[in-house]
Structure formats: C-alpha cells, structure tokens
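Listed below, chain by chain, are the residues.
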Amino acid sequence: MFSRRTSGPREPNPLTRAIAEARARFDLWDLTESNPTRVQLPMDRAAVAAALAKGAEADYVPAPLGADLAREAVADYYSRRGVAVDPARVMLTATTSEAYAYLFRLLADPGEEVVAATPSYPLFGALAEAAEVKLSPHAMLYDGRWRLDPTALAAALSPRTRALLTVGPNNPTGSCLGPVDRRRLVQAALTRGAAVISDEVFLDYLDAPERFAATSFAREAETLTFTLSGLSKVAALPHLKLSWVVVNGPPEQAAEAMDRLEHMADTFLSVGTPVQEALPRLLEQAEETQDFLRGRLWENGDHLRDVARRAGLTVRARDGGWYAVLDLPDGWDDEAFALELVTRAQVVVQPGYLFDLEDRPAVVLSLLPAPEVFQEGVDRLISLALPGPGPKDG
Ligand SMILES: Cc1ncc(COP(=O)(O)O)c(C=O)c1O
C-alpha cells in the first residue's frame with residue numbers, strides 16, 4: 001500500500017532512547033538545544049505578536065514567489081549588510097527545507113546528483129532522498145582550520161552533478177569557505193554546468209560580523225547561485241515559518257530559474273500572509289535579538305575554549321554559527337561517550353558521527369543554551385572525559 005520512499009527505518013537509536021529515559025527521571029543539561037525559543041532569550045514576544053496581528057488584517061493576495069513588500073524586506077535586510085539584492089530575485093518559502101525541495105526539483109531529475117561537503121547538515125540525506133536525487137559527499141580536511149580537499153571534491157563530481165551545496169557558517173563546524181575554496185567551488189560548478197546552493201542561515205552569527213558581505217554568495221555573479229536563509233535563525237523565530245532564496249548569476253539563467261520556481265510555487269502557495277506582512281518589522285526587531293545572541297554565543301564559546309584548553313582538549317577553529325566541535329581524548333568512541341555522558345552526568349551532546357565527522361572522535365555542542373546551563377554541562381562533560389581515557393572503541 002505504501003511507497004518505497006517512506007519505508008526507511010524509523011526506530012530511535014540507542015542514544016535517543018537513553019536520552020528519553022534520562023529525561024523522564026532527571027533534569028538534563030542539554031548541550032544540543034538549538035531551539036531559540038527554548039533558551040531564555042530576552043525577546044519582546046508581544047512585539048512579535050503585534051506585528052503578526054497587524055499582518056493578519058491584510059487581504060489574501062496569492063503570490064507564488066511571495067508578497068512584494070516581504071521580498072523588498074529581504075532585499076533591505078541584505079542592503080543593511082552591504083549586499084545589493086534585487087527584490088525580483090527573491091523567493092519566499094515556509095522553511096529552508098522547503099527551499100531545498102524546490103531547488104532540487106528545479107535543478108535535478110530523479111537520479112541526478114547534488115554534491116555536499118562532510119561534515120555538514122544532517123538533513124541533506126533526507127532532503128535529497130525526498131527529491132529522489134543522489135547526495136554525493138566529499139570530506140573536508142581539518143589542519144587547524146577546515147578546508148576543501150580538491151581531490152575529494154573532484155571525485156564527488158560527475159556528469160550527473162546538478163548542484164554543489166555549501167553551508168556557511170557550516171553546521172556543525174562553524175566554518176566558512178575561504179577565498180581559495182570558494183573559487184574552487186564556483187569553478188567546479190562552472191565546469192560541470194551546475195548551480196551553487198549556499199545555505200547562510202547562520203551568517204549573521206559570524207565572530208567577525210563585518211565579514212557578512214564578503215562571505216555571502218548573494219553577490220555571486222559568475223554562476224547560477226541560490227542563497228538560502230530565513231527567520232528561524234536570522235530572527236530566532238523558527239515557528240513563524242518564513243525563509244527565502246536569493247537567485248544570482250548570469251541574468252538569463254537567473255530569470256529562467258525565477259520563472260520555473262514561480263510556476264512550481266503556484267501549486268503550493270505555502271507562506272502565510274500575516275508573517276509576510278509582518279516581515280519588515282520582524283527583520284528590524286531581529287537586530288536586537290542578534291546582538292544579544294552574538295554575546296551569548298561568544299560567552300559560551302569562550303568558556304568552552306577556556307576549560308578545554310586547561311584540560312588539554314581541542315575545540316576546533318570556527319568562524320561563527322551556533323555550534324562548536326570538541327575533540328575527545330584519544331581512546332573514546334563518540335557514541336559511547338555521549339551515552340555515558342547522559343547516563344552518568346545527565347548531559348546531552350551530539351556525537352560527531354551524526355554529522356559524518358569521522359576523522360577523529362568528537363562531540364558537537366550547541367552554544368545557544370543559557371550560560372549557567374552551558375557552563376555546568378561543559379564542566380560535567382570535561383570531568384567525565386578526563387582524567388583517564390574511557391572505554392576503547394568497540
Ligand atoms: C544548515 C541549516 N540550514 C537550515 C536549517 C533550518 O532552517 P529552517 O528552519 O528554515 O528549515 C538549519 C537548522 O538547524 C540548519 O542547521
């Protein structure tokens with residue numbers, strides 16, 4: 001009765017089960033929390049509600065690419081950051097995931113390929129599968145900073161490559177492509193006649209925020225490029241369900257892409273009118289939330305680096321974002337460590353393998369929790385990781 005594509009495993013893994021059991025018995029120090037509505041941000045929720053209520057008074061005007069005023073608000077957001085964006089080249093979607101679904105269908109027929117670096121966003125596998133495209137991975141190198149491995153990238157490309165994905169700052173590494181790697185990616189896309197899809201949902205959280213314009217692909221002119229972002233990270237409002245795609249590149253290709261996207265989106269019309277009407281206000285209000293969040297990410301990142309250094313552990317170099325990667329002492333297996341940590345110390349972390357972070361055992365921490373939660377969690381984590389190594393692999 002059901003399709004093959006929905007027949008994948010749905011059983012929770014041992015770590016998910018252990019976390020659920022621990023949660024039923026204790027309060028946990030959750031260092032995976034990345035839901036910004038659950039980390040005690042001092043946000044003016046009444047102002048958000050007021051903006052939405054005002055938006056709800058508007059008439060419904062079906063617009064496949066989004067309402068003009070909302071697309072202009074997105075262009076203004078970029079303009080405030082030094083990037084010129086034409087509102088006619090903006091498409092609104094409910095989520096970034098929906099944007100990926102549109103773009104994979106726009107660019108690739110079933111069985112064709114999209115290329116993505118590892119470690120990266122764990123949802124890529126499911127998003128590719130849902131669109132019936134093949135995800136072709138290439139491993140990044142870490143030598144004190146994250147870099148593209150040109151040999152691995154070349155091996156991931158094929159005549160069936162339709163798009164190259166990049167995330168900056170990346171989830172979970174927090175890294176952005178440097179100028180040389182960026183050039184390599186664009187060149188690979190040009191050579192293959194493929195597009196670039198750049199996920200920039202964390203770009204407002206660079207440690208050096210003034211690098212926004214230099215880092216964003218929303219100014220890319222050479223190759224067809226889709227830049228993704230949205231309210232879930234930009235304004236810490238994931239429940240409002242508004243994201244966007246900015247289309248750049250050779251004008252004829254960009255115009256055709258908009259045309260085809262408009263045609264597809266006309267079938268779904270998924271973004272609600274109130275949130276579109278409220279977008280100019282929400283993006284203005286976001287500036288304050290971002291200032292606060294940058295302070296918190298900085299404080300938590302600093303604490304982590306400090307205690308890790310004193311314990312002789314390494315936090316990998318990052319350019320920004322909401323996550324940090326902590327290397328474990330030799331001898332630990334990342335999944336075994338995460339399991340012990342939750343059962344013995346009531347601390348939740350993500351093992352690196354969930355992100356295909358496999359060069360050495362590591363865990364991924366969200367820098368979003370309130371500092372008192374984050375610091376206690378990290379201190380407990382370090383006590384478990386040291387002094388002696390824990391159980392060996394296997
Ligand atoms: C790299 C990346 N892109 C997109 C998203 C989600 O965005 P949205 O809520 O708009 O689907 C996340 C969420 O964690 C993410 O890490």
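A quick note: this is a predicted structure, and the numbers were derived from the prediction, not measured.

1. A closer look at the domain arrangement of the chain
Partitioning the chain into structural domains gives domain 1 (13–43 + 287–385) and domain 2 (60–285). A C-alpha centroid distance of 27 Å is found between domain 1 and domain 2. In this complex, domain 1 contributes 28 residues to the contact, which on the side of domain 2 involves 28 residues. Top contributing element to the side of domain 1 that touches domain 2 by residue count: helix α11 (residues 273–310), with 7 residues. Each residue belonging to the side of domain 1 that touches domain 2 can be placed in one class, and the counts come to 14 nonpolar, 6 polar and 8 charged.

2. Quick word on the sheet that holds strand β14 (residues 362–366)
Read across the sheet, 3 strands follow the order β11-β14-β13 without closing on themselves; strand pairing throughout is antiparallel. Edge positions in the open sheet fall to β11 (323–327) and β13 (350–351), since each of these has one partner strand only. The sheet contact formed by β13 and β14 spans 2 bridges and is antiparallel. Looking at the pairing, P351 lines up with V363 of β14. Lying over the sheet, helix α12 (residues 334–345) contacts β13 and β14, oriented at roughly 50 degrees with respect to β14.

3. Section: the nonpolar core
Ranked by size, the top nonpolar core spans 111 residues in total, and within it F104, A163, V349 and L365 carry the most contacts. Here the element with the most residues in this core is α11; it accounts for 8 residues. Lining this core are residues from two domains, each supplying at least three of them: domain 1 (13–43 + 287–385) and domain 2 (60–285). Once residues within four sequence positions are removed from consideration, L365 is found in contact with L31, L304, Y323, A324, L326 and V349.

Conventions adopted
All residue numbers refer to positions counted from 1 along the written sequence of the respective chain. For this predicted model, a pLDDT threshold of at least 70 governs which residues receive local features, and a threshold of 80 or more governs which side-chain atom pairs are given and counted, while totals over whole chains, interfaces and linings are taken from all residues. Boundary definitions for the domains trace back to an automatic or database domain assignment. Two residues form a contact once the distance between their C-beta atoms, set from the backbone, is within 7 Å. Per the convention used, a helix needs a DSSP run of H or I reaching at least four residues, while a strand needs a run of E reaching at least two, with both numbered from the N terminus. Here the nonpolar group is Ala, Val, Leu, Ile, Met, Phe, Trp, Tyr, Cys and Pro; Asp, Glu, Lys and Arg are the charged ones; every other residue, Gly included, is treated as polar. Think of it this way: DSSP has to see at least two bridges between two strands before they count as a pair. Here, axes are lines fitted to C-alpha atoms. For helices the fit covers the stretch in contact, and angles between N-to-C directions go from 0 to 180 degrees. To define a nonpolar core, we join buried Ala, Val, Leu, Ile, Met, Phe, Trp, Tyr and Cys residues through C-beta atoms within 7 Å and take the resulting set. A residue is called partly exposed when the number of other C-beta atoms within 10 Å of its own lies between 12 and 20, exposed at 12 or fewer, and buried at 20 or more, with C-beta atoms placed from the backbone.

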